[in-house]
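Structural overview
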Amino acid sequence: MITRAQIPTVLDHPVYDADGSKVGDAKHVFFDDASGQPEWVTVKTGLFGTNESFVPMRGAHMVEDHLEVTVSKDRIKDAPNVDVDSGGHLSEDEEHRLYEHYGIAWDEAWQQANDPDQAGWASPGEDLPGNTAAEAAAVGGTTADRTSGRTGDETMNRLGDEAVMRSGDESMTRSEEEMHVGVERQEVGRARLRKYVVTEEQQQTIPVRHEEVRVVREPVTSADLDDALTGPEITEAEHEVTLHAERPVVETRTEPVERVRLSTEEVTEEETVTGTVRKERIETDFETDEDNRRP
């Protein structure tokens, strides 16, 4: 069982479930108004710790530097959504939903708390360990509501201030929230190489040759006179010559031209993140004897 004295060792420390899996970090502790004992702890879960789930502290205990609870991580993540900042208290309906989610019998727990034979911590007229019943009501709220008062740095400071006032020191502790920003790696897109075929026109000029007919007339000389006289004296004749020409022939061959691949590079840029933090302020309120004497 976690006591009030152990609260500073619980806050901002890791929380593990019953199977030894880390759930998140403890951020706030809620006390039972009737008993003044820690009853719920809120745990930051999800991306960047944006979700805060309520976890029962029954059976929880500190192991070295972390808190171990008796419920599973999946059940914690599926817990009802309860606004942590809604006035610092759980309503009766909110606490009912949490009890039902974690399988805790509300009526049985409340009856046992008020049963004198069971040393019930909520029994009227009985003093709490280390506190009187009046002191417990002052710290945790009224014993009739059985709602839970929140603490984190707030309640620890409040309890510390009350202890200081009882000891005669008139100082107070002021606290502020600090914003811590981190980064996480996420998948934002995919790139792939895709090859497809296109057809385009190309032009290329090449030389081509062809034959043409040309009439060559040569006078008969004494050297070829005999050849000229071998034929008929006067006759008709034909002589055919075959002409040749070159024509362009198109042929395509596949040739490798380049290699293409995908690579990634990291680019660092500045991004501004905005958040809200809470700060405590201390002001003075003076009351004079003249104010008390006014009718």
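Let us look at the structure shown here.

Regarding its fold elements, the protein presents 8 helices and 7 strands. Counting all 295 residues of the protein, 25% fall into the buried class. Long-range contacts, defined here as pairs at least 24 residues apart, represent 59% of the contacts in the protein between residues at least 6 apart. Carbon together with sulfur atoms contributes 47% to the accessible area of the protein, which is approximately 24000 Å² in total.

This brings us to unusual backbone geometry. Positive phi is not limited to glycine here, since Asp12 has a value of about 60°. In the Ramachandran plot, Glu64 falls in the positive-phi region, its phi being about 55° despite a non-glycine side chain. As for its placement among the helices and strands, Glu64 is situated in the loop between strand E5 (61-63) and strand E6 (66-68).

The next subject is helix H3 (residues 92-101). When we look at burial in H3, the residues that qualify are Glu94, Glu95, Leu98 and Tyr99. Projected down its long axis, H3 shows its buried positions confined to an angular sector of 135°, all on one face. Among the exposed residues of H3, those oriented more than 90 degrees off its buried face are Asp93 and Glu100. With its phi angle positive at about 70°, Gly103 sits one or two positions after the end of H3.

Here we come to the pairing of strand E2 (residues 22-32). Counting buried positions over the 11 residues of E2 gives 8, a clear majority of the element. Where strand E1 (residues 14-16) and E2 come together, 3 bridges link them in antiparallel fashion. The residue bridging Val15 from the neighbouring strand is Gly24, located in E2. As consecutive antiparallel partners, E1 and E2 are separated by 5 residues, and within that stretch Gly20 has a phi angle of approximately 85°, a positive value. With 6 bridges joining them, E2 and strand E3 (residues 38-45) adopt antiparallel strand pairing. Bridged to Ala26 within E3 is Val43. Counting the residues that bridge the hairpin from E2 to E3 gives 5 residues, and of these Gly36 lies at a positive phi of roughly 75°.

A separate point is the packing of aromatic side chains. One pass over the structure, following the stated rule, counts 3 aromatic pairs. Note on Trp40 and Tyr99: the rings are 5.7 Å apart at their centroids and 65° apart in plane angle, and the pair reads as edge-to-face. Note that Trp40 is positioned in strand E3 and Tyr99 in helix H3, a separation of 59 residues in sequence. Here Trp40 matches Tyr99 in class, with each residue buried.

Rules behind the numbers
Each chain has its residues counted from 1, following the order in which its sequence is written. Two thresholds apply to this predicted model, a pLDDT of at least 70 for residue-level local features and 80 or more for giving and counting side-chain atom pairs, whereas whole-chain, interface and lining totals are computed over all residues. Computation of side-chain values: all heavy atoms of the structure, hydrogens and water removed. Helix and strand definitions follow DSSP, with helices as H or I runs of at least four residues and strands as E runs of at least two, each counted in order from the N terminus. Only protein chains enter the accessibility calculation, which uses a 1.4 Å probe. A residue is then buried if its area is under 20% of the maximum for its type, exposed if over 50%, and partly exposed in between. In this description, contact between two residues means that some pair of their heavy atoms is separated by no more than 4.5 Å. Surface accessibility follows the Shrake-Rupley procedure with a 1.4 Å probe radius. Residue values consider only the protein chains on display as shielding. This arc describes the spread of directions from the helix axis toward the C-beta atoms. The pairing criterion for strands is at least two bridges between them, as found by DSSP. Aromatic rings from Phe, Tyr and Trp, with only the six-membered ring used for Trp, were paired whenever their centres fell within 6.5 Å, and each pair was classed as stacked if the ring planes differed by under 30 degrees, edge-to-face if by over 60, and tilted otherwise.

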